[in-house]
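Survey of secondary and tertiary structure
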Amino acid sequence: MIVEIGHYALVLALALALVQGVLPLAGALRGDAALMAISRPAAVTQFVLIGLSFLALTYAHVVSDFSLVNVFENSHSAKPLIYKISGVWGNHEGSMLLWVLILALFGALVAVFSRSMPDDLRAIVLSVQSWIAAAFLLFVLFTSNPFARLAMPPMEGRDLNPLLQDPGLAIHPPLLYVGYVGFSITFSFAAAALISGRIDAAWARYVRPWTLVSWIFLTLGIAMGSYWAYYTLGWGGFWFWDPVENASLMPWLAGTALLHSAAVMEKRDALKIWTIFLAILAFSLSLLGTFLVRSGVLTSVHAFATDPQRGIFILAILITFIGGSLALFAFRASSLKPGGIFAPVSREGALVLNNLLLTTSCATVFVGTLYPLALEAMTGEKISVGAPFFNLTFGPLFVPIVLAMPIGQMLAWKRGDLLGAAQRVVLAVLIGAVGALALYALQGGPVVAPVLCGLALYLIIGSFVEIAGRIAGRRVPISVMAARALGLPRSAWGTAFAHAGIGLTLFGLAATSWGVERILIAHVGDDIRIGPYEVRVERVEPRMGSNYREWVAHTRVRSGGVDVATIDPSRRSFSTREMVRTEAGIVTLGFGQIYMNIADQRDDGSLDIRLYWKPYVALIWLGALVMAFGGLLSLSDRRLRIGVAKRAGARAQVARNVQPAE
Amino acid sequence: MTRKGRRLTLIASALSVICIAVGLGLYAMKDGVVFFVTPTELAAKTKEMRPNARLRIGGLVLPGSLVKSGDRHVAFVISDNQSEVKVSYTGLLPDLFREGQGVVAEGTLAGDEFKADSVLAKHDEKYMPREVADSLKKQGVWNDGGQGTKTATP
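Residues numbered from 1 in each chain as written. Chains lettered and ligands numbered in written order. Predicted model: local features only at pLDDT ≥ 70, side-chain atom pairs only at ≥ 80, totals over all residues.

Focus: the overall build of chain A
Using the following cut-off: Each helix corresponds to a stretch of at least 4 residues labelled H or I by DSSP, and each strand to a stretch of at least 2 residues labelled E; elements are numbered beginning at the N terminus. Within these notes, the globule rule equals 2.2 Å times the number of residues to the 0.38 power, and the radius of gyration is based on C-alpha atoms. Burial in this document is a count-based property: other C-beta atoms within 10 Å of a residue's C-beta are tallied, and the residue is buried at 20 or more, exposed at 12 or fewer, or partly exposed in between, with C-beta positions derived from the backbone. Note that contacts rest on C-beta atoms placed from the backbone: two residues are in contact if these are within 7 Å.
From N to C terminus, chain A includes 22 helices and 11 strands. By the compact-globule yardstick of 26 Å for 662 residues, chain A fits well, its C-alpha radius of gyration being 27 Å. The dimensions of chain A, computed from C-alpha atoms along their principal axes, are 80 × 75 × 55 Å. A burial count over chain A gives 53% of its 662 residues as buried. Residue pairs at least 24 apart in sequence account for 74% of intrachain contacts in chain A once pairs closer than 6 positions are excluded.

What follows is the structure in structure tokens.
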């Protein structure tokens, strides 16, 4: 019964989405306030309905109702509760339901938190959002219905893929989806701006918090996914340039570019056309990612050709929304007046450079991801474009971004002083250079590692130089400095932290070349040297989990004869799917990690062991956390707080003469 | 600087970045791209291959062909039921490596032996390296209609 209510709620949500797509839009175009007023309650109700439907599916998973195909195929009664819940989105149908749920969530949030927005703009935004929701609800209901029943309910389910039974993967998809789908709202804002012709600095101000929220979650989602791959796939790889990963990286790159160009639009009323275009692009890439992952085209181009229903459906959605928005864009863009002018060397100029490099690197990822698919579809020849391609193209494009970041922060709006900015980063350059030399002397290794680490140090220090300059001064008491620090706009701190986060991640990535790998056969009690540590397997014993058995190797990590940690690498056998999964034993020491995997025990009691020492590896994900923290700081800035836009918009007219110096 | 001058600067810098990107892309395509072949295709094309070209070979591990010697050196045969390729590899095999199952080996051809530096096995009973599934389907030895996903992440 509950399941049927869920299904019915989904159908109702579709009907409501169609109403919300048409009436408020018509109201906005004809200036009818009553019609426009429908949009807010409709958006909230739509979210509630899809939420009900999602809860119903969750309920079916929790109580193991195997009369549902979806539950039967992806669940098992002995599965721990958390994986019963995460199993809801650990499959195609459920994850698409989560997709529309988040889509509706963003619509509802705009409806609730945008009291200060002009009514017509809000009505159009919610209408466009609703069209997207309607398209995906149709997709869910017609091609991927999670509520389909089985005529003969089996006694037991097939269990969730053991690789997905992991806390990391329980939270990774929701995080990623909030980021991914969050760009739908910036898309809706862009479409609304084009429809209403209201494209100005205030628009950028309305959009920026939403872009930031999506960006924060996307950053966390990508980092979480990469950490999951790192500790479950068994050999410590954290990024494979796999199409599935690229599908999330591309919107991130476009979204980062959007965040920066929206700042220019907000402050200087320039780059308007470009910002709108980026807003469309970011969501288009999210849609493309959804298409790549959900159509089966990655599993095989032929799978797409033989079972085309889902793929064709998403492709149709993709073409409709991207094509429609680009047509609207082409129609309207020419009528836009160019805004504020600026010299090539200026904050705007630096942000244009940032945008240029980010979008170009995004394009290289795009080519590397789609070229094999295109080639196979056309010639039948199969190639794989792997890490070497991306390292050679993406890498060189990212280095100038890193070099320019601290300098760009230092340039003034309109017309900057390049020499002055360069002088102020001298300290950061020195620290970077000294750090690189020191690391080269200490660790040796391929030259590129210390060079990139030096670059990362330069970026981390350089990110805070501008702030330091505004706080510190000769003979200024600490209390004054603290007061100044607190008085700075939070967005300035946000920028500094987000940039420094990139630096930390870069440092962690560069340091991977200093990693040590050992593959060996060892007995219980053997001392194994790895990097600066020794590792000893103390005992191997079986252990029972709720839906698996495992062999655990209790292992001690020592440094110079002193115990520093214990790790428990294991091998888990999941009986339902007859799958074995290795659980790595990982311990973080400093910023480095000891990473250990075991294979089956041999007859003589010895173990095949794969052991790594990965110095500074934790910085890769720590950097992402710092980036997200920077985003959060920016989001909490008074100026950007949702609802402030209208008042600030009025003040902006006055403030335009007095440009803030950040 | 005039508006025109500014626009020219912008266009020139955009073009130069794009040119660099295209150049890098073309250069990387030469070395960063790995071709996938089945044992049959390999047998047909051996002569026209560049020596030391990186390849991926996919097929089934021939039952009974796996030989493990000391020091984690393994040798096995990849077969597509028509032709066979001898593969040698040093290192730990993936958890899901089994005789009779699908596998993809990446490495270089040395004489008539394929020296693999990485071996990928299918991830679960649904997922198989897609090249393998495709080539097996083509030959009609494929018996799983289910579409597989590697992970449930988007």
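From this point, things continue past the structure.
Quick word on the overall build of chain B
Along chain B, the regular secondary structure elements total 3 helices and 7 strands. Along the chain direction, N to C, the helices and strands of chain B fall in the order α-β-α-β-β-β-β-β-β-α. Split into buried and exposed, the 154 residues of chain B put 32% on the buried side. Excluding contacts between residues fewer than 6 apart, the proportion of contacts in chain B whose partners are at least 24 apart in sequence is 49%.

Considering the domain arrangement of chain A
Selection rule: Each domain's extent is set by a domain assignment, obtained either automatically or from a database.
Assigned domains within chain A: domain 1 (1-151), domain 2 (174-334 + 348-373) and domain 3 (516-614). When each unit is reduced to the centre of its C-alpha atoms, the spacing between domain 1 of chain A and domain 3 of chain A is 44 Å.

A closer look at unusual backbone geometry
All names here are of chain A. At tryptophan 241, a position not held by glycine, the phi torsion is positive, near 55°. Among the secondary structure elements, tryptophan 241 is positioned in the loop between α9 (201-232) and α10 (243-268). Even without being glycine, lysine 414 reaches a positive phi, approximately 70°. Within the secondary structure layout, lysine 414 lies in the loop between α15 (387-410) and α16 (418-424).

Some points on the packing of helix α8 (residues 167-196) of chain A against α10 of chain A
Residues and elements named next belong to chain A. Selection rule: To get an axis, fit a line to the C-alpha atoms, keeping to the stretch in contact for a helix; angles then go from 0 to 180 degrees between the N-to-C directions. What sets the label is the angle itself: under 35 degrees gives roughly parallel, over 145 gives roughly antiparallel, 65 to 115 gives roughly perpendicular, and the rest give oblique. Handedness of each helix crossing follows the sense of rotation of the near helix against the far helix: counterclockwise by less than a right angle gives left-handed, clockwise gives right-handed. Residues are grouped as follows: Ala, Val, Leu, Ile, Met, Phe, Trp, Tyr, Cys and Pro are nonpolar; Asp, Glu, Lys and Arg are charged; every other residue, Gly included, is polar.
With their axes 11 Å apart at the nearest point, α8 and α10 run at an angle of 50° to one another. Classified by the angle between their axes, α8 and α10 sit oblique to one another. As α8 runs across α10, the sense of the crossing is left-handed. Seen from α8, the contacting residues are Leu176, Tyr180, Phe183 and Thr186; seen from α10, they are Ser248, Pro251, Gly255 and Leu258. Here the contact of α8 with α10 is built from residues that sort into 5 nonpolar, 3 polar and no charged.

Let's talk about the pairing of strand β4 (residues 73-79) of chain B
Residues and elements named next belong to chain B. This is how the line gets drawn: Strands were regarded as paired on the criterion that DSSP finds at least two bridges between them.
Sheet topology places strand β2 (residues 54-61) next to β4; 2 bridges connect them, and they run antiparallel. If you follow leucine 60 over to β4, its bridge partner there is serine 79. Where strand β3 (residues 67-69) lies against β4, 3 bridges are found, and the strand directions are antiparallel. By the bridge assignment for β4, serine 69 is matched with histidine 73. Of the pairings in the sheet, the one linking β4 to strand β5 (residues 84-90) comprises 7 bridges and is antiparallel in character. When the bridges of β5 are listed, phenylalanine 76 appears paired with valine 87. Counting the residues that bridge the hairpin from β4 to β5 gives 4 residues, and of these asparagine 81 lies at a positive phi of roughly 70°.

Focus on the pairing of strand β11 (residues 607-614) of chain A
Residue and element names in this part refer to chain A. Summarising burial for β11: 7 of the 8 residues are buried, a large majority. When strand β10 (residues 592-601) meets β11, the two strands line up antiparallel, connected through 7 bridges. Bridging across to β11, methionine 596 finds its partner in leucine 611. Between the end of β10 and the start of β11, which pair antiparallel, lie 5 residues, with glycine 605 showing a positive phi angle near 85°.

Regarding the sheet that holds β11 of chain A
Residues and elements named next belong to chain A. Pairing is antiparallel across the open sheet formed by 4 strands, whose spatial order is β2-β11-β10-β9. Since the sheet does not close on itself, it has two edges, and those belong to β2 (516-522) and β9 (585-589), each with one partner. Going across the sheet, the axis of each strand differs from the next one's by a mean of 15°, ignoring polarity.

Quick notes on the environment of valine 178 of chain A
All names here are of chain A. As for its position among the elements, valine 178 is in helix α8. Here valine 178 falls in the buried class, since 20 other C-beta atoms lie within 10 Å of it. If we skip the residues at most four places from it in the chain, valine 178 touches Ile102 and Phe217.

Some thoughts on the packing of helix α18 (residues 448-471) of chain A against helix α20 (residues 490-511) of chain A
How two helices sit against one another is set out by the angle between their axes and by the gap between those axes. Residues and elements named next belong to chain A. Between α18 and α20, the least distance of the axes is 8 Å, while the angle of their chain directions is 170°. With respect to α20, the element α18 is oriented roughly antiparallel. Touching Ala449, Leu452, Cys453, Leu455, Ala456, Leu459, Ile460, Ser463, Phe464 and Ile467 of α18 are Ala492, Trp493, Ala496, His499, Ala500, Ile502, Gly503, Leu504, Leu506, Phe507, Ala510 and Ala511, all from α20. The residue inventory of the contact of α18 with α20, partitioned by class, reads 19 nonpolar, 3 polar and no charged.

So, the confidence of the model for chain B
All names here are of chain B. Inclusion rule: Looking at any residue, its pLDDT shows the predictor's confidence there, from 0 to 100.
For chain B, the average pLDDT comes to 74, and 73% of its residues sit at 70 or higher. Here helix α3 (residues 130-139) stands out as the least confident element of chain B, with mean pLDDT 61; β5 is the most confident, with 89. Every residue in residues 123-127 is under pLDDT 50, and counting partners more than four places away or in other chains gives 12 contacts. Segment residues 142-154: pLDDT under 50, and 35 contacts once partners within four positions in sequence are set aside and those in other chains are kept.

Some details on the confidence of the model for chain A
Averaged over all residues, the pLDDT of chain A equals 88, while 94% of them reach at least 70. Within the model, the stretch residues 643-662 of chain A combines pLDDT values under 50 with 20 contacts to residues more than four positions away or in other chains.

Comments concerning helix α14 (residues 347-379) of chain A
Residues and elements named next belong to chain A. Keep this limit in mind: Working rule for helices: expected span equals 1.5 Å times residues minus one. To obtain the bend at a residue, axes are fitted to the seven residues ending there and to the seven starting there, and the angle between these axes is taken.
Between its terminal C-alpha atoms α14 stretches 47 Å, which fits the 48 Å expected from 33 residues at 1.5 Å a residue. Along its length, α14 reaches its greatest deviation from straightness, about 35°, at leucine 370, and the proline proline 372 lies no more than four positions downstream. Phi for glycine 380, located one or two positions after α14, is positive at around 85°.

Thoughts on the environment of proline 173 of chain A
All names here are of chain A. Locating proline 173 in the fold gives a position in helix α8. The buried category is assigned to proline 173, around which 26 C-beta atoms lie within 10 Å. Sequence separation between proline 173 and leucine 259 is 86 residues; the distance between their C-alpha atoms is 23 Å.

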